[in-house]
Amino acid sequence: MARMTRKDLLNTPDEFVTTTSTLLTWIRENPSRFTIGAVIVVCILAGGYGFYYWKTTREFDGMHAYMKAADNSQLTLQVAQDYSDTKAGRLAKLRLARMAYDQGNQKMAISYADEFINLWGQKDIFLWQATLITASAYMKQKDIAKALPLLEDCIKSAPKDLKDQALLLKASAQLTLGKNAEAKKTLDAVSENYREIARTMLASQIASSGEKLNAE
């Protein structure tokens, strides 16, 4: 293969210049087509920026309304309805689930928590909070069979604090079912932060079992 000399390199046509020259020639020969194409590109860019600006502004407004609503259930419901397509609207559903649970309306708590889980789409602390609310609500309804799988998910993947809460709820369910040995094993997995609560739960169950035996 012959080597390319410096002279050959200097005589080689500049690709950028050649391409630019060809493009300018095409534009001169097709001015109307070029204008239409340019307008389309500008419209696409403007539309994209406009949508981004609208979406960003809407997210900001939604979060502002969410923060302002605080623990007002009516305002929170309004945020969930008016900003349903934003993160704030979805978080409002989670807040409504917690409020319903605190008020003893377990059916509504489960409904709002399920809506949030289906809309949120990512496994983070908010998702696990909703999962724990759902499990706790099922526990309140004495539906342990539905609560346990959700608690297992939290124990497996949730952050430490929520995992501990899930372990305590699971142990409570096991104690209710009379599975004391399994409950003790579950409570042994609780971190130091919740160890005192775990000991109290276990001691209470042991005392309760002793009272039943004495009564018999």
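Residues numbered from 1 in each chain as written. Predicted model: local features only at pLDDT ≥ 70, side-chain atom pairs only at ≥ 80, totals over all residues. Heavy atoms only, no water.

*Asks:* So what exactly am I meant to see when it comes to the packing of helix α9 (residues 160–176) against helix α10 (residues 180–188) here?
*Replies:* Any two packed helices are characterised by the angle at which their axes cross and by the distance between the axes. Where α9 contacts α10, the two axes come as close as 8 Å, and the packing angle between them is 170°. On the basis of their axis angle, the class for α9 and α10 is roughly antiparallel. Where α9 approaches α10, its residues Leu-167, Leu-168, Lys-170, Ala-171, Gln-174 and Leu-175 are matched on the opposing element by Asn-180, Glu-182, Ala-183, Thr-186 and Leu-187. (Axes fitted to C-alpha atoms, helices over the stretch in contact; angles between N-to-C directions. Helix = DSSP H or I, 4+ residues; strand = E, 2+ residues; numbered from the N terminus. Parallel < 35°, antiparallel > 145°, perpendicular 65-115°, else oblique. Contact = heavy atoms within 4.5 Å.)

*Asks:* Mind showing me how you'd approach the pattern of salt bridges here?
*Replies:* Note on pairing: side chains with opposite charge can pair once their charged atoms come close. As enumerated under the stated definition, the model contains eight salt bridges in all. For the salt bridge of Asp-188 with Lys-184, the shortest nitrogen-to-oxygen distance reads 3.4 Å. Placement of the pair is Asp-188 and Lys-184 together in helix α10, with a separation of four residues, close to one helical turn. The partly exposed category is assigned to Lys-184, whose relative accessible area is 41%. Members of the salt-bridge network, linked through shared partners, are Asp-71, Arg-98 and Asp-102. (Salt bridge = Lys/Arg side-chain N within 4 Å of Asp/Glu carboxyl O. Buried < 20%, exposed > 50% of the residue type's maximum accessible area, 1.4 Å probe, protein only.)

*Asks:* Honestly, the side chain of Thr-86 in this entry has me stumped. Any pointers?
*Replies:* As for its position among the elements, Thr-86 is in the loop between α4 (73–82) and α5 (87–102). The contact partners of Thr-86, leaving out residues within four places of it in the chain, are Arg-58 and Glu-59.

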